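Listed below, chain by chain, are the residues.
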Amino acid sequence: TNALGRIRALIEDIRTVARDGRAVEDPDPVDLEAVVDTCWQNVETGEATLAVETDQVIRADKSRLQQVFENLVRNAVEHGSTSSRTNSDDTSEHGDDAVEITVGELGDGFYFEDDGVGIGPSEQEVVFEAGYSTDEKGTGFGLSIVEEIIEAHGWTITATDGIDGGVRFEIRDVEILDQ
């Protein structure tokens, strides 16, 4: 039944790509901190921690932006553990899920960063490709969906090294509203 669960997850991810790949035509003012906090409640985060260091209000499609943050949080928790444990009973691929996540401001957007194991330089471009996953149980669509939604907003996303290890996703070309 693991195969059946994987197929269901794959189908749902494909539906999300099809639905969310279209352009955002009528974005609304969205409080970034509120969206991140809501998404944090919607995803199993275990021992992970969150710091939101922004009070930006941006113009976005709120429900699609929620999908972005839910996928990024899920990805960080599942792949970003800082643990060096390799026991077969670990709760995530790389050990415990005590990763620290920070969402902060950029001059023309925002970033999502974790202090986990990171992504090697050669993988920083391919992580957004549909089907790419380092987890044999993963569908490989999570970050692909993130990129589709970001681009549907007219924004850009890049993956780079985080300040404390881990990975940092920088989302730029965002319309930031005066508060």
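Please refer to the structure higher up on the page.
Report on the accompanying structure. (Residues numbered from 1 in each chain as written. Predicted model: local features only at pLDDT ≥ 70, side-chain atom pairs only at ≥ 80, totals over all residues. Heavy atoms only, no water.)

Considering the environment of Tyr 111
To keep it simple, the criterion reads: Only DSSP runs of H or I with at least four residues qualify as helices, and only runs of E with at least two residues qualify as strands; both kinds are numbered from the N terminus onward. Only protein chains enter the accessibility calculation, which uses a 1.4 Å probe. A residue is then buried if its area is under 20% of the maximum for its type, exposed if over 50%, and partly exposed in between.
Its place among the elements puts Tyr 111 in strand S5 (residues 109-114). The exposure class assigned to Tyr 111 is buried, which follows from its relative accessible area of 11%. For the pair Tyr 111 and Ile 171, spaced 60 residues apart in sequence, the C-alpha separation works out to 5.8 Å.

Concerning the nonpolar core
Put simply, the test is: Put simply, a nonpolar core is a bunch of buried Ala, Val, Leu, Ile, Met, Phe, Trp, Tyr and Cys residues held in one set by side-chain atoms that sit within 4.5 Å of each other. Here, residues are in contact when the closest pair of their heavy atoms is within 4.5 Å.
Counting residues in each nonpolar core, the largest one holds 37 residues, and the members touching the most others are Ile 58, Leu 65, Phe 69, Phe 110, Phe 112, Trp 155 and Phe 169. Within the residue set of this core, elements represented by two or more residues are helix H2 (32-42), strand S3 (57-60), helix H3 (62-79), strand S4 (100-106), S5, helix H4 (142-152), strand S6 (156-161) and strand S7 (167-172). No other element matches the seven residues that H3 contributes to this core. Setting aside residues up to four positions removed in sequence, Trp 155 forms contacts with Ile 58, Arg 59, Ala 60, Leu 65, Phe 110, Ile 150, Ile 171, Arg 172, Asp 173, Val 174 and Glu 175.

Description of the sheet that holds S5
Convention followed: Pairing between strands is defined by DSSP: at least two bridges between them are needed. Lines fitted to the C-alpha atoms define the axes, with helices restricted to the stretch that makes contact. Angles between their N-to-C directions range from 0 to 180 degrees.
Strand order in the open sheet formed by five strands is S2-S4-S5-S7-S6, with mixed pairing between adjacent strands. Where the open sheet ends on each side, the last strands, each with one partner, are strand S2 (49-53) and S6. Between one strand and the next, the sheet's axes are offset by a mean angle of 15°, whatever the strand orientation. Relative to S5, S4 runs antiparallel, the two being bridged by six bridges. In the sheet register, Gly 104 faces S5, and the bridge partner there is Tyr 111.

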